[in-house]
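Okay, here's what each chain looks like letter by letter:
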Amino acid sequence: MFLHMEDVVRHAISVLVENKFGVLARISTLFAARGFNIDSLAVGETEDPAISRMTIVVKSDDCILEQVTKQLNKLIDVIKVNEFNDNIEYVERGACLVKISLNKSNRNEVMQMVEIFRSKIVDISQSSVIVEVTGSEDKISAFVRKVMPCGIKEMCRTGIVALGRGQSIIKVSSGR
Amino acid sequence: MVRRTGSQILVESLLREDVEVVFGLPGGQALPIFDAVHGSELNFVLVRHEQAASHMADGYARSTGKPGVFIVTSGPGATNVVTGLCNAYMDSVPLVGISGQVATDVIGQDAFQEADIIGITRPVTKHNFLVKNVNDLARTLKEAFYIATTGRPGPVLVDVPIDVQRAFCEFVYPDKVDIRSYRPNYSGHSVQIKKAAEIINKSEKPVFYIGAGVVASNAESEIFEISKKADIPVTNTLLAIGAYPLDTSLSLGMLGMHGTFCANKVVQTADVIVAVGARFDDRCTGKVCEFAKKAKKIHIDIDPTAISKVVDADVPVVGDAKTVLKEMIALIDSKDRKDWLRMIDTWKTEHPLWYNRDDDKLHPQYVVEKISELTKGDAIVVTEVGQHQMWAAQYYKAKNSRLFLSSGGLGTMGFGYPAGIGAKFGNPDKEVVVVAGDGSFQMNMQEMAVAVLNDINVKVVILNNQCLGNVRQWQEMFYGKRYSHICLAKRKKCPKWCNTPRRDTCPVYIPDFLKWAQSYGALGMRVTEKKDVEPALKKMLGTKNSVVLDIWTEIEENVFPMVPAGASLDNIVTRMNG
């Protein structure tokens, strides 16, 4: 399918899967086989240890998104697929650890950024700090941009996780 | 409680699933399984190459509608069935494959004959399982059969490590399966069905486009009923040959690249296309944006991913073809569409399937026509892949579905002969004729041992043009007749590049298929003249053993009609230079 850049939108897809070995491989194979790029991916067990929840972020147009959703549903180990889009109110959070160089001249600026972004210092040494920042993808990106001039030694970022607000719940329906 | 080994459980489970025949080949990591097969009721057929086992299971499944089963060992045994799995996956054929695997404690250590077959086959199976605990084995096998045969059918591979084969546990075979994440939807949405019926009722020029899904769900009679009720012509895909009777005016034959002129014209003119169990494959649609531009598309399919994958459906109906059509019949108005049918009749008469019937040359089409005539379209014709496949599709008038078996989606050379053997195992009373090319046949002809040793009376008709004919046709038409590595007679002494293959000047063809057949104790015959075709076919059909009939056809015969790859169906060419 031809991709028109103007139709390409970021989508967060929530996938409930059987918590078995190989499921992640099935999902990544599916994306790879169709040439879809995964922007981010987060996987974790749910309150029911037999079920894992994946949050997959992709950039695609609606056609491709529809195929992706259907293909995901077709996988035997996938229990439910839901997409978060602009029509659904949802909360998304990601986390990031950033190790920033510390010296006399940038110390204040780093501290200020930590303050402004309501992030946390989780490790400190002579020459660096590790800052933990959580929030939406945009917020994390903004933080990274802001501290970039201070000197980032290394960073590690999670995929985002997302839940619908209020009554919007993605659950395994109980049988037929 | 009786405790059994994993291997015994496996064999017992296959018997519980009423598996009539299992194809395969033993090996180190499958020894316990084969020990359990020894002395069991299981009807096991030893093949000569694992790929053939997968195609035999496939041919068995296509011809009977029941799942085909094979057992192979780990490593190379398992990698050899990958083509067969992919072939079955592309054509939605229910298979259950079992592979041996190295012991669970050495998986990942590059043990002898270890291959990550689960990883390798993930994209070419409907699902696959690695059984790590013997307690899960019976349930897994039950699930494998369930997944393979329900919804959109497909192949399932179960990988069983050798320690699991040896481990003991209590055997309980489950009666039912419930997989919470897999519940195929059989009944279509009523609102959608109603919408579809309304569109059909309002249409002037509707057409049914039916595929393998119609055969899989046994919806042939429903299609027939609706088409008769409302004068709706029917075109079929390669895999749905025989699903609609050819002897009615509503039948258009196959559409697409080598389909009939009429079928393609109808599709391009229609105002409504009702696709049933078909997936808008590129060999059917030609250039997608030019495909059936005037038509509203109704798409009935059990697989939601098939819908709007290639062509946008105006009215999608997700459900089983038979169930949906049954509900739809009552909503369809009886209607005469005389003008539409008259138009179609003109196209049929003006552009019938054509080859030169008047000269003395041995045209391959003639051979297929004679096979059709002599078997009355009641034999199971299995094809390899290539030109002969298309001629068989065009000229074999299969009376029913499951009488024409061919590798569609994957186009697997080497499929036909083993698939024919598999079909014969499933239909011992049916005549099975494999229409092969001399190129394709050589890819799995070693399986003649299986046919002969098991008294499997399969007839092979080789339409021998001493080259890879389909590739040659494309090189002739689209690559300036620069014949590149298509000649199967070429020897060292030949000029490096040759585009003048001729029986009288080319080197002697090998193998001599006649001697080849004889070396297996089968009957080999050769025909080089048109007049000898019919007597030879009669003799072949009258023989109760394996026969190889090597027919030397016109070398540079082309398949027509043809829609060039990537062109619109409107650009159908019915003859060379025409």
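Rules behind the numbers
- Each chain carries its own residue numbering, running from 1 in the direction its sequence is written.
- As a convention, the first chain written is A and the first ligand written is 1, with the rest following in written order.
- Totals for whole chains, interfaces and linings use every residue, but because this is a predicted model, local features are given only for residues with pLDDT of at least 70 and side-chain atom pairs only at 80 or more, for both listing and counting.
- Only hydrogens and water are removed before side-chain values are computed, so all heavy atoms of the structure are retained for them.
- The helix and strand labels rest on DSSP assignments: H or I over at least four residues marks a helix, E over at least two residues marks a strand, and numbering proceeds from the N terminus.
- Atoms counted for the radius of gyration: C-alpha only. Globule rule: 2.2 Å times the number of residues to the power 0.38.
- A 1.4 Å probe rolled over the protein chains alone gives each residue an accessible area, and that area as a share of the maximum for its type sets the label: buried under 20%, exposed over 50%, partly exposed in between.
- Every residue pair with non-hydrogen atoms within 4.5 Å of one another is taken to be in contact.
- His residues and chain termini do not enter the charge count, which takes Lys and Arg as positive and Asp and Glu as negative.
- Charged groups are reduced to one reference atom each: NZ for lysine, CZ for arginine, CG for aspartic acid, CD for glutamic acid.
- We call two strands paired when DSSP finds no fewer than two bridges between them.
- For every element, the axis is a line fit to its C-alpha atoms; helices are fit only across the contacting stretch, and the angle between N-to-C directions ranges from 0 to 180 degrees.
- Buried area: the sum, over both parts, of the accessible surface (1.4 Å probe) that disappears when the two are put together.
- A side-chain nitrogen of Lys or Arg and a carboxyl oxygen of Asp or Glu constitute a salt bridge if their distance falls within 4 Å.
- Polar contacts, as counted here, are pairs of nitrogen or oxygen atoms within 3.5 Å of one another; within protein the pair requires one atom able to donate a hydrogen and one able to accept it, and residues that are adjacent in sequence qualify only if both atoms are side-chain atoms.
- Where a domain begins and ends is set by an automatic assignment or by a domain database.
- Here the term charged refers only to Asp, Glu, Lys and Arg, the term nonpolar to Ala, Val, Leu, Ile, Met, Phe, Trp, Tyr, Cys and Pro, and the term polar to all other amino acids, Gly among them.

Colleague: Any details on the overall build of chain B? Residues and values, ideally.
Modeller: Along chain B, the regular secondary structure elements total 23 helices and 20 strands. Taken against the 2.2 N^0.38 rule, which gives 25 Å for 578 residues, the C-alpha radius of gyration of chain B at 24 Å falls within 12% of a compact globule. Along the first, second and third principal axes, the C-alpha atoms of chain B reach 70 × 70 × 40 Å. Out of the 578 residues in chain B, the part that is buried amounts to 60%. Restricting the contact set of chain B to residue pairs at least 6 apart, pairs at least 24 apart contribute 75%. Of note, chain B has its 66 positive side-chain charges centred 3 Å away from the centre of its 65 negative side-chain charges.

Colleague: Mind laying out the sheet that holds strand β18 (residues 458-464) of chain B, listing which residues take part and the relevant values?
Modeller: Residue and element names in this part refer to chain B. Ordered in space as β16-β15-β17-β18-β20-β19, the 6 strands form an open sheet in which the pairing is parallel. Across the chains shown, the open sheet's two edge strands, defined by having one partner strand only, are β16 (404-405) and β19 (523-527). Where strand β15 (residues 380-383) lies against strand β17 (residues 432-437), 4 bridges are found, and the strand directions are parallel. Counted as the bridge partner of Thr383 is Val435 from β17. Contacts from helix α16 (residues 364-375) reach β15, β17, β18 and β20 (547-552), with the element oriented near 160° to β18.

Colleague: Requested: an account of the interface of chain A and chain B, with residues and values cited.
Modeller: Each side of the interface is counted separately: chain A has 23 residues, and chain B has 22 residues. Buried area between chain A and chain B, both sides added, is near 1900 Å², and the carbon and sulfur share of it is 53%. The interface formed by chain A and chain B holds 2 salt bridges in total. Among the ionic pairs, Arg180 of chain B bridges to Glu18 of chain A, the shortest N-O distance being 2.7 Å. There are 8 residue pairs in polar contact (both at pLDDT 80 or more) connecting chain A and chain B. Listed by contribution, the elements that provide at least two residues to the side of chain A that touches chain B are α1 (23-33), α2 (62-74) and β4 (78-84) of chain A. The dominant element in the side of chain A that touches chain B, judged by the number of residues it contributes, is α2 of chain A, at 5 residues.

Colleague: Summarise the domain arrangement of chain A; cite the residues concerned and give the values.
Modeller: All names here are of chain A. On domain assignment, one finds that chain A holds domain 1 (5-84) and domain 2 (91-161). Between the C-alpha centres of domain 1 and domain 2 there is a distance of 29 Å. At the junction of the two partners, domain 1 supplies 7 residues and domain 2 supplies 5 residues. Inspection of the region where domain 1 meets domain 2 yields 2 salt bridges. Where Arg10 meets Glu137, a salt bridge forms, and the shortest distance between an N and an O atom there is 2.4 Å. Going through the elements one at a time, β1 (9-18), β2 (38-45) and β3 (51-60) are the ones with two or more residues in the side of domain 1 that touches domain 2. Per element, the largest residue contribution to the side of domain 1 that touches domain 2 is 3 residues, and it comes from β2. Residue composition of the side of domain 1 that touches domain 2, grouped by class: 4 nonpolar, 2 polar and 1 charged.

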